[in-house]
Amino acid sequence: MRRIDLREITQAVKELSIEANTIANCDLRDALTASIEKEVSPVGKAVLGQLIKNQDIAKFTNLPICQDTGFTVVFLEVGMDISFTGGIVQDAVNQGVREGYIEGNLRKSIVKDPLTSPVNTQDNTPAIVHIELVPGDKVKITLMPKGGGSENMSRIKMMKPSDGVDGVREFILKTVKTAGGNPCPPIIVGVGVGGTFDYVAFLAKKSLLRKIGERNRDPEIAAMEEKWLLEVNKLGIGPAGLGGKVTALDLFIEVFPRHIATFPVAVNIQCNAARVKTRII
Amino acid sequence: MGNTEKRVEAPLTEEVIKTLRMGDEVLLSGIIYTARDMAHARLEEMIGNGEELPFDAAGSVIYYVGPSPAPEGRVIGSAGPTTSYRMDPFVPVMFKAGMRGMIGKGPRSEEVKNLIVEKCGVYFGATGGAAALLSESILEAEVIAFDDLGPEALRKLRVCDMPVIVINDCYGGDLYLEGVRKYSSDVQIWQ
Ligand code: SF4
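Just so we're clear, the structure is a prediction, and the values are computed from it rather than from any experiment.

Explain the overall build of chain B to me, using residue names and the numbers behind them.
The helix and strand tally for chain B stands at six helices and seven strands. Shown N-terminal to C-terminal, the secondary structure of chain B runs as helices and strands in the order β-α-β-α-β-α-β-α-β-α-β-β-α. When the backbone C-alpha atoms are referred to their principal axes, chain B occupies close to 50 × 40 × 40 Å. Counted over contacts in chain B with a minimum sequence separation of 6, partners at least 24 positions apart contribute 62%.

Next comes the structure, spelled out in structure tokens:
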């Protein structure tokens, strides 16, 4: 049994909150740089140039990449040979978010109770925490600050089983088209298919943890990802929604078995400020 | 479509607005004000009560933004646009108060687009996500009302060469519609 003091988790979450919000990942940066070549609209090219420059400025000034530093979503993969000491895991994560968002000058965007008390919690807590038990004695922490603008354009649909693959394709294209410029394109499209009403949304969100260019391991699904990405990029939405060929940088699909009577699909849209950082303890 | 780079001073005059065309890349300088959902609700209430507004609305440009906190040594944190459609219901009363320009991201309602033509206004798009870059063009920032709203407080900003693009001009041009029309190829969504 390996003992881990939860203060270590707090410290890691704090650092990841700041890093994720200020330092863009290389895969995103490379994808944006490559997309300038692909873009044909001059305004679109200018927008992509701004986004790259923005990442540089954020890195050197420690300003957040985007002022909306998101709802903090934290995925924990906890090895089963670990015993935590010093409290409760969720509290440790929230403490890390609190410290990171306050010290890092990140925006606090969470209001307490949407129905009865819509006041800001002042520290961006609570985080959304997903915990999964895995073999081993390590903890993998993945932190994703998720912006409200792109979350608002995400959709879920309980399709009929007979709608099939075409139904999924249609739902993805319609969702992206309706979203237009609102979710700050170029976007990343995260798709979940199968499971239950709640689980399909989780799948879509989880797909967004992949690196740009990383395909689903099932070659048939990988082919769908590539084909539908091309179609999304024919919608003409373009960078910032001002028209162009670069609407999405990638499209990820995650699947799970489904009930014979249901066919859930979720499309979780990620914006150009796609922020994900991981650390293993 | 415009696509030329223009330098524009805020507050705006009707003459200047008439030179702006959808697609123009504009470097905006001068005084602008920040307000988003909550600040708009309060402004609307003040106008309804016949109270004096906390800023000079004549020719004003409103930037839809909720900045991140200013780190030490800076006047403001990251400051990119928020989605504009949420402010659509407040636009008629803001125009009536004297506002001429708006900066945000994402398309506007038909009502707002019609008012932009009717009242000779303009809607600029700033690049969503380019918040650190936009922050660099803000030289001064001061909370002038609704301090309790934190990031949603009403701020007066002095900006220099802030990069924005004309989305809706006073002639009815709409870059979101035209841009997408121009670059979309036929995708049969329905099969
Ligand atoms: S959608 Fe993303 S890039 Fe756009 S404002 Fe929100 S967090 Fe920033």
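Explain the interface of chain A and chain B to me, using residue names and the numbers behind them.
Where interface size is given, it is often the accessible area lost as the parts come together that is meant. Every contact between the two is made by 45 residues of chain A and, on the other side, 47 residues of chain B. Buried surface at the junction of chain A and chain B, both sides included, amounts to about 3700 Å², of which 60% is carbon and sulfur. Interface area lost by chain A to chain B is led by L63, Q67 and L242 of chain A, which between them contribute 17%. Across the chain A-chain B interface, the total number found is zero salt bridges. Applying the counting rule to chain A against chain B returns eleven residue pairs in polar contact (both at pLDDT 80 or more). The set of elements that each furnish at least two residues to the side of chain A that touches chain B consists of α3 (42-61), α5 (148-152) and α6 (164-179) of chain A. Considering each element in turn, the side of chain A that touches chain B owes the most residues, eleven residues, to α3 of chain A. Taken together, the residues that form the side of chain A that touches chain B break down as 20 nonpolar, 14 polar and eleven charged.

Go over the layout of surface pockets with me, naming the residues and quoting the values.
Residues and elements named next belong to chain A. One number sums up the size of the second largest pocket: a volume of about 780 Å³. Forming the boundary of the second largest pocket are 34 residues, of which K206, S207, L209, R210 and E214 lie nearest the centre. Elements supplying a minimum of two residues to the lining of the second largest pocket: α2 (26-38), β2 (71-79), β6 (128-134), β7 (139-146), α7 (197-207), β10 (248-258) and β12 (277-280). The element best represented in the lining of the second largest pocket is α7, accounting for five residues. Along the lines of polarity and charge, the residues of the lining of the second largest pocket split into 15 nonpolar, six polar and 13 charged.

Please give an account of the packing of helix α1 (residues 6-22) of chain A against helix α4 (residues 89-103) of chain A that cites residues and values.
Residue and element names in this part refer to chain A. Taken N-terminus to C-terminus, the directions of α1 and α4 make an angle of 40 degrees; their axes are 7 Å apart at the nearest point. The angle between α1 and α4 places the two elements in the oblique class. Regarding α1 and α4, the two cross each other, and that crossing is right-handed. Listed contacts from α4 to L6, I9, T10, V13, K14, S17, I18 and N21 of α1 are V89, A92, V93, Q95, G96, V97, E99, G100, Y101 and E103.

Quick rundown of the site of the ligand? Include the residues and the values.
Neighbouring the ligand are the residues C66, D68, G147, G149, S150, C184, C271, A273 and R275 of chain A together with K105 and G129 of chain B. More than one chain reaches the ligand: the nearby residues come from chains A and B. Here the residues of the shell around the ligand sort into four nonpolar, four polar and three charged.

I'd like a rundown of the domain arrangement of chain A, residues and numbers included.
Residue and element names in this part refer to chain A. With domains assigned, chain A is organised as domain 1 (2-20 + 65-146) and domain 2 (149-274). Each of domain 1 and domain 2 has a C-alpha centre, and these two points are 26 Å apart. Contacts between domain 1 and domain 2 engage ten residues on the former and twelve residues on the latter. Taken together, both faces of the contact between domain 1 and domain 2 bury some 820 Å²; the carbon and sulfur share is 70%. Contact with domain 2 buries surface across domain 1, with F75, M144 and K146 losing the most and accounting together for 63% of the total. At the surface where domain 1 touches domain 2, the tally comes to two salt bridges.

How would you sum up the sheet that holds β6 of chain A? Please name residues and give values.
Residues and elements named next belong to chain A. Across the sheet, four strands lie side by side as β6-β2-β7-β12; this open sheet has mixed pairing. Sheet topology places β6 and β12 at the edges, where each strand pairs with a single neighbour. The average undirected angle you get between the axes of adjacent strands in this sheet is 15 degrees. Here β7 runs beside β12; their pairing, made up of four bridges, is antiparallel. Its bridge partner lying in β12, I141 is registered against R279. Contacts from α4 reach β2, β6 and β7 within the one sheet, and its direction differs from that of β2 by about 140 degrees. Sheet strands touched by α7: β2, β6 and β7. Its angle to β2, the strand with the most contacts, is close to 90 degrees.

Tell me about empty space enclosed by the protein, residues and numbers included.
Evaluation of the coordinates by the stated rule reveals three cavities of 30 Å³ or more. One number sums up the size of the largest cavity: a volume of about 80 Å³. In terms of lining residues, the largest cavity is bounded by 13 residues, among which A240 of chain A together with A126, T127, G128 and Y176 of chain B are the most central. Of the residues that constitute the lining of the largest cavity, the class distribution is eight nonpolar, four polar and one charged.

Tell me about helix α6 (residues 175-183) of chain B, and please be specific about residues and values.
Residues and elements named next belong to chain B. Among all positions of α6, only L175, Y176, G179 and Y183 are buried. Along the axis of α6, the buried positions cluster into a sector of 95 degrees, meaning they face one direction only. One side-chain oxygen at the N-terminal end of α6 lies 3.0 Å from the backbone nitrogen of Y176; it belongs to D174.

Outline the side chain of R100 of chain B, supporting the account with residue identities and numerical values.
All names here are of chain B. Tracing the sequence through the fold places R100 in the loop between α3 (91-97) and β4 (101-104). Side-chain polar atoms of R100 contact the backbone oxygen of K119, separated by 2.9 Å. The residues contacting R100, other than those within four sequence positions of it, are L12, E14, I17, G59, S60, F95, K119, C120, G121 and V122.

Describe in detail the packing of aromatic side chains, supporting the description with residues and values.
If you walk through the whole model with that rule in mind, you get four aromatic pairs over all chains. Ring centres 5.5 Å apart and planes at 40 degrees place the aromatic pair Y199 of chain A and F202 of chain A in the tilted group. Pair noted here: Y199 of chain A and F202 of chain A are both in helix α7, with a separation of three residues, about one helical turn. Taking relative accessible area as the criterion, Y199 of chain A reaches 30% and is therefore assigned partly exposed. Pairing Y33 of chain B with F55 of chain B gives two aromatic rings, centres 4.5 Å apart and planes at 40 degrees, and the pair type is tilted.

Cut-off values and rules
- Along every chain, residues carry numbers that run from 1 in the direction the sequence is written.
- Chain labels run from A onward and ligand labels from 1 onward, assigned in the order the entries are written.
- At least 70 in pLDDT is required for a residue's local features to be given in this predicted model, at least 80 for side-chain atom pairs to be given and counted, and no such filter applies to totals for whole chains, interfaces and linings, which use all residues.
- The side-chain numbers reported here are obtained from all heavy atoms of the structure, hydrogens and water having been left aside.
- By the criteria applied, helices consist of DSSP H or I runs no shorter than four residues and strands consist of E runs no shorter than two, each listed in order from the N terminus.
- In this description, contact between two residues means that some pair of their heavy atoms is separated by no more than 4.5 Å.
- Summed over both partners, the accessible area lost on bringing two parts together, with a 1.4 Å probe, is the buried area.
- The term salt bridge refers to a pairing of a side-chain nitrogen on Lys or Arg with a carboxyl oxygen on Asp or Glu at a separation within 4 Å.
- Under this definition, polar contacts are N or O atom pairs within 3.5 Å; protein pairs additionally need one hydrogen-donor-capable and one acceptor-capable atom, and for neighbouring residues in sequence, both atoms have to be side-chain atoms.
- Put simply, Ala, Val, Leu, Ile, Met, Phe, Trp, Tyr, Cys and Pro go in the nonpolar bin, Asp, Glu, Lys and Arg in the charged bin, and everything else, Gly too, in the polar bin.
- As defined here, a cavity is a set of points on a 1 Å grid over the protein atoms alone where a 1.4 Å probe fits but cannot get out. A pocket is an open set with protein on both sides within 12 Å along at least five of seven lines, and residues line them when an atom is within 4 Å of a point.
- Grid points are joined across faces, edges and corners, and a volume is the space filled by probe spheres set on the points.
- Note on method: axes are straight lines fitted to C-alpha atoms, helices fitted across the in-contact stretch only, with angles between N-to-C directions ranging 0 to 180 degrees.
- An angle counts as roughly parallel when it lies under 35 degrees, as roughly antiparallel when it exceeds 145, as roughly perpendicular when it falls between 65 and 115, and as oblique in every other case.
- In this scheme the crossing of two helices becomes right-handed for a clockwise turn of the near helix relative to the far one and left-handed for an anticlockwise turn of less than a right angle.
- Distances are taken per atom, and a residue is near a molecule or strand as soon as one of its heavy atoms is within 4 Å of it.
- The start and end points of each domain follow an automatic or database-based domain assignment.
- Paired strands, in this sense, are two strands between which DSSP finds at least two bridges.
- Buried residues are those whose accessible area, probed at 1.4 Å on protein chains only, stays under 20% of the maximum for their type, while exposed residues exceed 50% and partly exposed ones sit between those limits.
- Think of the arc as the fan of directions from the helix axis to the C-beta atoms.
- By convention, a stacked pair of Phe, Tyr or Trp rings (six-membered ring in the case of Trp) has centres within 6.5 Å and planes under 30 degrees apart, an edge-to-face pair has planes over 60 apart, and any other such pair is tilted.

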